[in-house]
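Structural overview for review
Chain residues, written in single-letter form:
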Amino acid sequence: MAKPSKSISPFRLASLLRLQKDPNLALHLFLNPNPNPNKPFRYSLLSYDLIITKLGRAKMFDEMDQILQQLKTETRFNPDEIIFCNIITFYGRARLPDRALRIFNQIPSFRCQRTIKSFNTLLNALLSCREFGKMREVFVGLDRCVAPDACSYNVLIRAGCLMNDLGSAREVFDEMQKRGVRPDAVTFGTLISGLCAGGKLDEAFKLKEDMERGFRVRPDGFVYASLIKGLCKVNDLSLAFKLKDEMLERRVELDSAVFSTLISALFKAGRKGDVVGVLKEMKENGCKPDAVTYNAMIYGYCQEKDFNSAFGVLSEMEKRRCKPDVVCYNVIIGGFCRVGKFREATELFEDMPRRKCAPDVVTYRTLFSGLCDGMQFQDAALILDEMVFKDYSPSAASIVKFVDELCQAGNLKLLLTILNSLAKGNLIDSVTWRRVIPMFQQLLIFKFRHSVKVDLTLHKGAPKMAEQLPSSASSSWTESDFTPFDMKLLRGYGGFWMAAYTGRLRTAVSLAFFVLLICCKSPSSEARVLLSKEKEVPSMEDSLILSALPKGTTPRSSPSHKGHAMATINERLYVLPIPHADRVLSSVPSPGGGH
DNA sequence: GTAGGGTTAG
């Protein structure tokens, strides 16, 4: 007879959670710890910690929130601040600054005291999101309650470095000293790395001197690695190697970062023969090559088109139990693309899931721009659609190149396909629009006439504009294409009013082109598209139309612009209604009134 | 697991 299944202990749940790699299964385990749902389960804090970390790493934020709500009601223990620090970091990595701020503000409601640690974690998460303005706000707020520590300033210094504003990084450095906070090794490591990245090697070395002599802080591996990289960048390998020797002499712990930099530099200098020596020295110093080290070699071989050796390194990694990471595949895929081996590149890309490595945004960008460069348009279009679906965006340059090539080849069909893909991700900027507009002008004039013809019949006494247009459509759009009545209809108050009815236009894409066409042709005017109330506008079309706006334009919240999106074209502001019929109708211009 | 370095694309 089967025993009635027994409830597991809280301790057992924690160890099961620890072992479960799949976050979904872990969640299921957490939610169903015992067979009797009526019997409340006494979760341990450790179980909460484990499940939250797993869900956060997997970016399963809604599920994580659900667990947090449950944690809030537990009164048997008070969660540690570190749990919240982790959550804030997850949101930072996922570029969700508002959620990071929200959980930070909620910490006290979990019966947990906030300290400078969660403040700093929040600062750093906002930095990951490049929310410099919000960082300032948080820092000012922090300053009022708690004294910022070295870590707080270090995050600000890093922000300055990332903004390429070494001046402000220096200012923060001075400010922290004024406030009596001692700079530490991280402070100097951050500043020196920023200086090296900015090519200011002399200043970087001067700062290394200062940190030792003036501040009595010992340079660590981070400082050395930055300096060595800086030297390699200017091809001063002999000094780079001397610095490495200085580390050995001064017993600064040598790690794989330093060796990886040197190996990469040797390949770039055409001295791959010397790499063996470096690997030997690594071994002698008890330093194991990691993925970065191997990747530096793979990159070197790919640059030489020696794919056999590159794959040799790959199998060496597997033999040494060093799991090839996404960079490894990106490097090889990029190498294949550069030499026109598109089939090999695509095959490796498609093999990545089997090799248990998820392609990232760089993988897609590499393959996409590689295929574009190699004129593999059909395949590029497929990759593009897939990447947009994954919420990744290609580089602006490769979009422009792709569009240009398709225009030149007169491949309208594929052009429309990829514009649709791009529109799904709101990835069409004004540069792209300008490129494609000439392509579609002919088509547009036709569609425009068609729609206006029907449209104007709704107005009493409207002349049939389409019939008065020359039958061979001109490629440029001028006022002479319109009759006086049309002009009266089209002209607003110093603006350019246009009434078009979505129902008459075949696709939202052509409508979007149409709007942009008017904007570009009469940059001094305001373009407005009005949509009919009777016709339901499908949401896909809404998004297509909105995506036609140059990137970065967001609907304003002020009442006068409610329901409108702002667009800037040729440095002028245009107001375009968001096409939801009910809102739009109320904004039909009336003669004599308006804006 | 509060903060900094090293490999890839553009």
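Residues numbered from 1 in each chain as written. Chains lettered and ligands numbered in written order. Predicted model: local features only at pLDDT ≥ 70, side-chain atom pairs only at ≥ 80, totals over all residues. Heavy atoms only, no water.

When helices and strands are tallied, chain A shows 30 helices and 4 strands. Considering only intrachain contacts with a sequence separation of at least 6, the fraction spanning at least 24 residues in chain A is 62%. When the accessible surface of chain A is split by element, carbon and sulfur atoms take 53% of a total near 31000 Å². (Helix = DSSP H or I, 4+ residues; strand = E, 2+ residues; numbered from the N terminus. Contact = heavy atoms within 4.5 Å. Areas by Shrake-Rupley, 256 points an atom, 1.4 Å probe, with all protein chains shown as cover.)

Bringing the environment of glutamate 81 into the picture now. Relative to the helices and strands, glutamate 81 is located in helix α5 (residues 81-93). Spatially, the C-alpha atoms of glutamate 81 and glycine 312 are 46 Å apart, while their sequence positions differ by 231 residues. Within the structure, glutamate 81 has its side chain in polar contact with the backbone nitrogen of threonine 115 (distance 2.7 Å). (Polar contact = N/O pair within 3.5 Å; in protein donor to acceptor, adjacent residues only side chain to side chain.)

Taken together, 37 residues sit near DNA strand B, with Ile82, Cys151, Asp220, Asp255 and Ser256 positioned nearest. The sugar and phosphate moieties of DNA strand B supply 46% of its atoms located within 4 Å of the protein. Side-chain polar atom of asparagine 295 to a base oxygen of DNA strand B: 2.7 Å apart, as the coordinates give it. The residue inventory of the surface near DNA strand B, partitioned by class, reads 13 nonpolar, 15 polar and 9 charged. (Near = heavy atom within 4 Å. Nonpolar A, V, L, I, M, F, W, Y, C, P; charged D, E, K, R; others polar.)

Time to look at helix α4 (residues 61-73). When the terminal C-alpha atoms of α4 are compared, their 19 Å separation across 13 residues agrees well with the 18 Å that a helix rising 1.5 Å per residue should span. Buried residues along α4 sit in contact with α2 (23-31), α3 (45-57), α5 and α6 (97-106). (Expected span 1.5 Å × (residues − 1).)

Here we take up the pattern of salt bridges. Scanning the entire structure with this criterion turns up 26 salt bridges. For lysine 319, the salt bridge identified is with glutamate 316, shortest N-O distance 3.8 Å. Residue lysine 319 and its partner glutamate 316 are located together in helix α18 (residues 307-319), separated by 3 residues, close to a single helical turn. The exposure class of lysine 319 is exposed, given its relative accessible area of 66%. Judged by relative accessible area, which is 24%, glutamate 316 ranks as partly exposed. (Salt bridge = Lys/Arg side-chain N within 4 Å of Asp/Glu carboxyl O. Buried < 20%, exposed > 50% of the residue type's maximum accessible area, 1.4 Å probe, protein only.)

Our next topic: the packing of aromatic side chains. Across all of its chains, the model carries 19 aromatic pairs by this definition. Measuring from centroid to centroid gives 5.1 Å for phenylalanine 267 and tyrosine 301, while their planes differ by 75°, and the two rings are edge-to-face. With a gap of 34 residues between them, phenylalanine 267 in helix α15 (residues 256-268) and tyrosine 301 in helix α17 (residues 291-303) connect regions that are remote in the sequence. When sorted by exposure, phenylalanine 267 lands in the same class as tyrosine 301, which is buried. (Phe/Tyr/Trp six-rings, centres within 6.5 Å; stacked < 30°, edge-to-face > 60°.)

Assignment of secondary structure puts serine 421 in helix α24 (residues 412-424). With relative accessibility at 4%, the residue serine 421 sits in the buried group. Excluding its chain neighbours within four sequence positions, the residues that come into contact with serine 421 are Leu384, Asp385 and Val388.

With that out of the way, let us pick up the environment of tyrosine 364. For tyrosine 364, the location among the structural elements is in helix α21 (residues 361-373). Not counting residues within four places of it along the chain, the set of residues in contact with tyrosine 364 comprises Phe349, Pro359, Ile383, Glu386, Met387, Lys390 and Tyr392. Among the polar contacts made by the side chain of tyrosine 364, one reaches the side chain of lysine 390 at a distance of 3.3 Å.

Contact geometry for helix α9 (residues 150-162) and helix α11 (residues 185-197): axes closest at 9 Å, N-to-C directions at 0°. Judged on the interaxial angle alone, α11 and α9 are roughly parallel. Where α9 approaches α11, its residues Asn154, Ile157, Arg158 and Cys161 are matched on the opposing element by Val186, Thr187, Thr190, Leu191 and Gly194. Of the residues that constitute the contact of α9 with α11, the class distribution is 4 nonpolar, 4 polar and 1 charged. (Axes fitted to C-alpha atoms, helices over the stretch in contact; angles between N-to-C directions. Parallel < 35°, antiparallel > 145°, perpendicular 65-115°, else oblique.)

In a soluble, globular protein the nonpolar side chains are often hidden away together inside. Ranked by internal contacts, the top residues of the largest apolar core, which has 148 residues, are Ile51, Ile52, Ile87, Ile298, Phe402 and Ile418. Among the elements that make up this core, the one with the highest residue count is helix α19 (residues 326-338) (8 residues). (Core = buried A, V, L, I, M, F, W, Y, C linked by side-chain atoms within 4.5 Å.)

This part is about the environment of arginine 355. For arginine 355, the location among the structural elements is in the loop between α20 (342-351) and α21. For the pair formed by arginine 355 and alanine 147, sequence separation is 208 residues and the distance between their alpha carbons is 48 Å. When residues no more than four places from it in sequence are discounted, the contact partners of arginine 355 are Leu314, Glu318, Tyr329 and Leu348.

Turning next to the side chain of asparagine 120. Take asparagine 120: it is sitting in helix α7 (residues 116-128). Residue class for asparagine 120 comes out buried when judged on its relative accessible area of 5%. The contact partners of asparagine 120, leaving out residues within four places of it in the chain, are Asp149, Cys151, Ser152 and Val155.

On to unusual backbone geometry, then. A positive phi angle, near 60°, is found at lysine 305, a position not held by glycine. Topologically, lysine 305 is positioned in the loop between α17 and α18.

For α2, the complete set of buried residues consists of Pro23, Ala26, Leu27 and Phe30. The buried side chains of α2 occupy one side of the element, clustering within an arc of 100° when seen end-on. Taken together, the buried residues of α2 touch α1 (10-19), α3 and α4. Where α2 begins, one side-chain oxygen reaches toward the backbone nitrogen of asparagine 24, 2.7 Å away; that side chain belongs to aspartate 22. (Arc of directions from axis to C-beta.)

Attention now moves to the packing of α2 against α4. Following both chains from N to C, one finds α2 and α4 inclined at 25°, their axes separated by 12 Å at the closest point. Classified by the interaxial angle, the pair formed by α2 and α4 is roughly parallel. As α2 packs across α4, the resulting crossing turns out to be left-handed. Taken together, the residues of α4 that come into contact with α2 (itself represented by Leu27, Phe30 and Leu31) are Glu63, Gln66, Ile67 and Gln70. Of the residues assigned to the contact of α2 with α4, the class counts are 4 nonpolar, 2 polar and 1 charged. (Left-handed = near helix turned anticlockwise from the far one by under 90°.)

Limitation: the analysis is restricted to geometry and does not speak to function.
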